[in-house]
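So you can see what is in the structure, the chains are spelled out below.
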Amino acid sequence: MDITLSFSREVEFLYVGNTVFISSIENSDFSQLSAILLWLKEVEVSKRYATTPAAGTIREMFKEHEEPSVSSEPDAPEAAPPTCTGSSLDSSQRQAVALALRDRPLTVIHGPPGTGKTTTVVEVIMQHVKRAQRVLVCAPSNKAVDNVLEGVWKQTMKADCELDTDHVIRLGQLERINKDLRDFSLDAQLEKYFEKKEKEKKRTNLLLYRPYQREELVENAKVVLSTLTSVRSVCEDTSPFDLLVIDECGQATEAACWLAIPLAKKVMLVGDPCQLPPTILSQEAASRGLAVSLMERQMKLHGEGIVHMLDTQYRMHAMIQEWSSKNLYGGRLKAAPTVAGRLLTQLPSVQSTSQTQPTLMLVDTAGCRLLESQDAKTKSYCNKGEANLVVCHVSSLVKAGVSTESIGVITPYKHQVGLIAGRLREANLNVEVNSVDGFQGREKEAILLSLVRSNPRRQVGFVGDRRRLNVAVTRARRHLYVVCDTSTVCQDRTIRSLVSHLRRNGELRETSGKLCPHGKACQVVEDDDDVDDLAFRLGATNLRRTWKPRKPRY
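Residues numbered from 1 in each chain as written. Predicted model: local features only at pLDDT ≥ 70, side-chain atom pairs only at ≥ 80, totals over all residues. Heavy atoms only, no water.

- Going by what an unreviewed UniProt entry lists, the chain is known as DNA-binding protein SMUBP-2 and is assigned to Amphibalanus amphitrite.
- What the UniProt record of the chain gives under Sequence similarities (unreviewed entry) is the line "Belongs to the DNA2/NAM7 helicase family." (UniProt positions renumbered as here; feature names shortened; annotations may be inferred.)

As structure tokens, this is what we get:
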């Protein structure tokens, strides 16, 4: 009989004969963060009296150089450019790898959407392994950690790889690790170790010292991966790593990053502060600086000296990425030739229609009384009219041959997520609908974006957050469809710039009014319930008759 146990916190197992002792590791996130910040306040980092291998990193991060010449000294040139294990790396990615190999305590790699950030991180890891150096990889989420681990795993399967799977360890609770990657978990590696020793008739004694074997395995590992909040429970007493990589650093609080920084001699921060920030529930804490990530602070503190931006993206059509490039990345982000002109109609079995041909589509509901509504309990917003338009466009894409797996719907409010998801189910359309946060790190061939807000007060709320809007737009590979009330949302400067971009470069359509039950364009129908039923009765073709192109306003 098999018994599966699930724990809400990290636990340790001690095997003694046929008995298993389970003990909780009493080390909450709050107590860890409090302790590490106190340590940071008191630690000695001067060159003469430094008590931590991370002393140089700490001095760099707070610009506490004892001698002005230290920070201005040129780096010793590489004997030869590194031979990358990934031959497909572009020049920007190779520059990032070379920067990370310098003997400097801090490096920052800025990776905008689709620029191959994970590919670059994996290359940096493999280059350090080739130099017989140990690497610690951390991230704020299990998903981000597993993403890097998957890339490392693919490298280990190459015939000429110097890293074998026995020297790669994933820390953390087993149930939170991707099922395909659980063979890398510390528990799985321990079982391999015990099986090997059992053949040597040493298992009985080893079981009494399982905690010590955990540390021994980590000590001998070449690459260790963990979330930021789990890393100290195992790695605190091991010898320092040569390199710490903090991936998705822009989404981690600075305090969480300091849990891992003391464990390594040098640090590489990787991420994009122009995408989702750390999640901070306390407005007071956010206003006092907790919402500013370590990566963002270091980029402002040091500028271009330690920062390298990956400048070529391999995800989006050039017109989709152009808005983000100009408004968030100083115009430096460019599309790779292989993706710059990609279209929905180039996908297998997709027909060329008025819905699938455009790369950018803007549907303007201004003046159509498709107003928002607010849930009395959750205070979240929805917009029934926009939901209907989204469902109709999804239907038209599917009818044209676009697979449901290739389509995603993004909207900023949970109430709208539920509304659209429900109506798609009623229409037998199995399409993913999620918030901006739910789509971070994801991509689809076609993205439909409903901005929801439409009110006489012209209030936009958090919809205008430039980082969230950047994430939403850059999930699309070939087709971006945006439905909104421009008279409301264009009160926000960021959204206004996006609408202006869509008007200049995309297909412009507006609703000239709601539809009567006969499917003809007519005067505005006052009863919202009538309109709610129309999208399913009429379908996208009839609804499209009420749209017409018009000249840009902005």
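After that view, the rundown keeps rolling.
## Things to note about the pattern of salt bridges
Then comes step 1: Across all of its chains, the model carries 22 salt bridges by this definition.
Then comes step 2: Among the ionic pairs, Arg-477 bridges to Glu-443, the shortest N-O distance being 2.5 Å. Of this pair, Arg-477 sits in strand β18 (residues 476–484) while Glu-443 is found in the loop between β16 (432–434) and β17 (444–450), placing the two residues 34 residues apart along the sequence.
Then comes step 3: By relative accessible area, Glu-443 is classed as partly exposed at 34%.
Then comes step 4: A cluster of three or more residues bridged by salt bridges with shared partners is formed by Arg-315, Glu-443, Glu-445, Arg-477 and Arg-478. (Salt bridge = Lys/Arg side-chain N within 4 Å of Asp/Glu carboxyl O. Helix = DSSP H or I, 4+ residues; strand = E, 2+ residues; numbered from the N terminus. Buried < 20%, exposed > 50% of the residue type's maximum accessible area, 1.4 Å probe, protein only.)

## Topic: the pairing of strand β4 (residues 135–139)
Then comes step 1: The buried fraction of β4 amounts to five of the five residues, a majority that puts the element mostly inside the structure.
Then comes step 2: The alternating pattern of β4 places Val-135, Val-137 and Ala-139 on one face and Leu-136 and Cys-138 on the opposite face, and all of these are buried.
Then comes step 3: Two strands pair when backbone bridges link them, and β4 and strand β6 (residues 223–227) are joined in this way by five bridges, in the parallel orientation. Note that in β6 the partner of Val-135 across the bridge is Val-223.
Then comes step 4: Bridge count for β4 against strand β7 (residues 243–246) is four bridges, and the pairing is parallel. Bridge pairing links Val-135 to Leu-243 in β7. (Pairing = 2+ DSSP bridges.)

## Description of the side chain of Arg-342
Then comes step 1: Among the secondary structure elements, Arg-342 is positioned in the loop between β11 (334–335) and β12 (360–364).
Then comes step 2: In this structure Arg-342 is buried but unpaired, with Glu-445 as the nearest side chain of opposite charge at 5.4 Å.
Then comes step 3: Within the local environment of Arg-342, its side chain forms a polar contact with the backbone oxygen of Arg-315, the two atoms lying 2.7 Å apart.
Then comes step 4: Not counting chain neighbours up to four residues away, the residues in contact with Arg-342 comprise Tyr-314, Arg-315, His-317, Arg-477 and Arg-478. (Lys, Arg positive; Asp, Glu negative; His and termini not counted. Polar contact = N/O pair within 3.5 Å; in protein donor to acceptor, adjacent residues only side chain to side chain. Contact = heavy atoms within 4.5 Å.)

## Some thoughts on the packing of helix α14 (residues 318–328) against helix α19 (residues 493–505)
Then comes step 1: Orientation of α14 relative to α19, taken along the N-to-C sense of each, is 145°, at an axis distance of 10 Å. Along this stretch, α14 crosses α19, giving a crossing that reads as right-handed. Mapping the contact onto sequence places Met-319, Glu-322, Trp-323 and Asn-327 in α14 and Thr-494, Ser-497, Leu-498, His-501 and Asn-505 in α19. (Axes fitted to C-alpha atoms, helices over the stretch in contact; angles between N-to-C directions. Left-handed = near helix turned anticlockwise from the far one by under 90°.)

## Topic: the pairing of β18
Then comes step 1: β18 sits mainly inside the fold: nine of its nine residues count as buried.
Then comes step 2: By the bridge criterion, five bridges tie β12 to β18 in an arrangement that is parallel. If you follow Val-363 over to β18, its bridge partner there is Val-483.
Then comes step 3: By the bridge criterion, six bridges tie β17 to β18 in an arrangement that is parallel. If you follow Leu-448 over to β18, its bridge partner there is Tyr-481.
Then comes step 4: Chirality of the crossover, the property in question, places the unit of β17, helix α17 (residues 466–473) and β18 among those that are right-handed. (Right-handed = clockwise from strand over helix to strand, strands pointing away.)

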